[in-house]
Amino acid sequence: MDKIFALDIGTRKVAGIIGRVNKSEGTPGALEILDCEIAEHKTRAMLAGQVHDVAKVAEVVQTIKNTLEQRTGEKLNKVAVAVAGRVLKTLKAKSTKEISFDEEVTREDIFNLEMEAVQKILGNMTRQKNIDFADKFYCVGYSVVSYRLDGARIENLIGHKGSEIEVEVIITFLPRIVLESMFSVLKRVDLQVCSLTLEPIAAINVIIPPDMRRLNLALVDIGAGTSDIAITEEGSIMSYGMVTNAGDEITEKLCQRYLVDFTTGEYIKRHLTCEEKISFADIFGRHHEYETNSMIQELLPAVRDLAKKITSEIVALNQKPPHAIVCVGGGSRTFCLQDKLAEALEVSRERVGIRGPEMILSIKDNTDKLKGPEAVTPLGITAIAGQRQGMQFINVAVNGKKAHLLNLNQNLNVLTALVAGGINTEKLSPKPGLSKTYEIDGEIGVIKGTLGIPAVIKVNGEKARLDTFIKDNDEITFIEPKDGEDGRTTIGELIGDRGIIRIIINDIQTRIMPDLFMNREQVSFDTDVIDRAKIEIKKKHDLQDALRSAGYHMEEGCERSIMVTVNGQPRILTQESYSLRINGREMSLEDEININDGDIIEYHFYESTRYQIKDVVGLPRSGKNLKVRVNGEDFAFSGEPGKIFMNRQESSSDDFIPNGAEIMTQDGKDAQAILVDIFRFISLKRDEEAGKKLTLLINGRKARFTSLLEDGSEVNVYFE
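This structure is a prediction, so every number in the text was calculated from the model and none was measured. (Residues numbered from 1 in each chain as written. Predicted model: local features only at pLDDT ≥ 70, side-chain atom pairs only at ≥ 80, totals over all residues. Heavy atoms only, no water.)

S.K.: Just to check I follow, could you spell out helix H8 (residues 292–318) for this structure?
M.R.: Given 3.6 residues to a turn, an α-helix orients residues that are three or four positions apart in the same direction. Between its terminal C-alpha atoms H8 stretches 36 Å, which fits the 39 Å expected from 27 residues at 1.5 Å a residue. The largest bend along H8 measures about 45° and falls at Leu 299, with the proline Pro 301 one to four residues further on. Just downstream of H8 lies Gln 319, where phi reads positive at about 65°. (Helix = DSSP H or I, 4+ residues; strand = E, 2+ residues; numbered from the N terminus. Expected span 1.5 Å × (residues − 1). Bend = angle between axes of the 7 residues up to and from the residue.)

Here's what the structure looks like:
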């Protein structure tokens, strides 16, 4: 008979059990407990059902494993475990199967149908790419909600005949972090998980038999860190829940009130109901003695608060108060907790109670160690593994890294292992390189990408495929595929000789390369073509562009340059010094000339002509004239003429410019005048006007000889 090694790794204690399923005719299916070892954590390495210190938890598990191995003389390498329902999520699924009316339904038929329902949920998550849920949560168990035969509900399908069977299951999921920390602990002590379940599933499996599940019951597994809940009704387990509060919450309140460490607080809590007085030392070493009755009264608010949290979750799951609350777990021994649960749920005290291992008729404990409600869950874990009702695992290595695979249908393949091993599913096959499209002068084309190199997959050194079946302890090697390269080419490779003009310059064959534009930006022949590129080829028909492309530096060679300064600004003056013939016809660079294939160009230099001042600078402006009207007659005062200076000497605009010349222009000043200046144009006959007074007016106003004249002024001068 195969032996079972089960571990209940709790917040406060770790229990290890070795048992076996009795297959004898007298008690078929009964669980026999062969050995047991229980140890407490030395520190608070676990909080609220979650591993916080992997190394410390592993120490306790290692101690239990070593002890059991020494006593049994057998090597333990596989283990059944359960986890608390921390951040529990549940989903329901149905599966239906048509059967032959002539054949009875077997246990195997039911198991396969249940697995199919579970697989539906997991498959849907994969198909719908619910990556967030699938990556963060792990399936840890399931329970049957109901069976149906030809549409009618039935308790047990085994042995029946019909045309259709149906099962509905409730599947539970926990955060991967909870499980991964558990796997880390077991890995440190060389244990592989062979069966995994949820603590409330394990507890309800042994403590509430199927015939009791017709009652609407709430099973509460109250541990040190969590209180796991399961609801039954109409013969099925309807829902699961969890409260992250349990016995440790009372201990912490006690520690705060009496200023003691956690170990002392645990000791006090356990002895409150069995002694009248209790003595202890606080953290300062001061000794105290209290009556336990008074201590209980002080801690009752904390117990009441815990009870309210548990019953609130029960009502949320059940939508009403259940017929009764069944308590298991070490925390259920907490003083007055059962009273406060009944009070919070507003039911009679008789409807809340504890069920212990002594009530489990299908278990025989040869060790006589597993007593009290705290033993229910470890016994349930062992029973679940013996009945193969837990989540079965196989262990494989993916590129040397261990992976735990949930074995639902016994047909696990390489793909399943790669996903569990953290291989990105998008990297299982190579992605072909992207093709690129382009358009050249209205012509559309495609640059194809490469297909890539497929992944290398091996199982135990042999070549394999993604659908190759795997088994326990297989070693899988996976070398990622190499994605294909995107289509790539340069513009030069793409266009070839298009747009090139072939000419002869001074008896030398010359190729004039075109200007290239991609999406309206100028590019070179070496530029990579981008996707959806619109490429334009512009031939260099312009003569000067062609000459420059052929290497002729006209700015330096075909023109003579001199440096001059004009009004303080340096300027370079270029002077033509070339001869140009195209196909025998004399031309000028100033002409608009287009060249074509086969043109023959003769291009030579000679000494350039000279510049005059008037070629580089405009004549300076003369000053503005000042126009006035005197006694009705128009007159004008002339502005000064502008001047040109070259090398500080006044010059003519026709003078030639030597290299390095400094040229300055000076505008003439505007004409200015006062009233007395008008007498250049008029004269007064003073002899004839003797004895009269001279009157001077500008624009109708009296003025003096020194009054300023403005352009357009109206001047009147007369005697009165």
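S.K.: I keep staring at the nonpolar core and nothing clicks. Help me out?
M.R.: Leu 7, Ile 9, Val 61, Leu 186 and Leu 219 are the most contacted members of the largest nonpolar core, which totals 66 residues. Setting aside its immediate chain neighbours within four residues, Ile 9 contacts Val 14, Met 46, Val 57, Val 61, Met 182, Leu 186 and Glu 199. Of all hydrophobic cores here, the second largest spans 35 residues; its members include Ala 218, Ala 307, Leu 337 and Leu 341. (Core = buried A, V, L, I, M, F, W, Y, C linked by side-chain atoms within 4.5 Å. Buried < 20%, exposed > 50% of the residue type's maximum accessible area, 1.4 Å probe, protein only. Contact = heavy atoms within 4.5 Å.)

S.K.: Sorry if this is basic, but what is going on with the side chain of Glu 37 here?
M.R.: Its location among the elements puts Glu 37 in strand S3 (residues 30–40). Separated by 2.8 Å, the side chains of Glu 37 and Arg 71 make a polar contact. Look past the residues within four positions of Glu 37 in its chain and what remains in contact with it is Val 14, Ala 15, Gly 16, Ile 64, Thr 67, Leu 68, Arg 71 and Lys 369. (Polar contact = N/O pair within 3.5 Å; in protein donor to acceptor, adjacent residues only side chain to side chain.)

S.K.: Is there a simple way to explain the sheet that holds strand S14 (residues 236–243) in this structure?
M.R.: Paired through their backbone hydrogen bonds, the strands of a sheet run either parallel or antiparallel. On the basis of which strands lie adjacent, the open sheet formed by five strands has the order S14-S13-S12-S17-S18 and mixed pairing. In this open sheet, the two strands that pair with only one neighbour each are S14 and strand S18 (352–354). Taking each pair of neighbouring strands and ignoring which way they run, the sheet shows an average axis angle of 20°. Where strand S12 (residues 217–222) and strand S17 (residues 324–328) come together, five bridges link them in parallel fashion. Pairing of Leu 219 across the sheet is with Val 326, part of S17. (Pairing = 2+ DSSP bridges. Axes fitted to C-alpha atoms, helices over the stretch in contact; angles between N-to-C directions.)

S.K.: Honestly, unusual backbone geometry in this entry has me stumped. Any pointers?
M.R.: Glycine aside, the phi torsion of most residues is negative, and most peptide linkages are trans. Positive phi values are uncommon outside glycine, yet Arg 520 reaches one of about 75°. The residue Arg 520 is located in the loop between strand S29 (515–518) and strand S30 (521–523) in this model. Residue Arg 520 is classed as exposed on the basis of its relative accessible area of 76%. In the Ramachandran plot, Arg 648 falls in the positive-phi region, its phi being about 70° despite a non-glycine side chain. Note on Arg 648: relative accessible area 77%, which makes it exposed.

That's the geometry; what it means functionally is another story.
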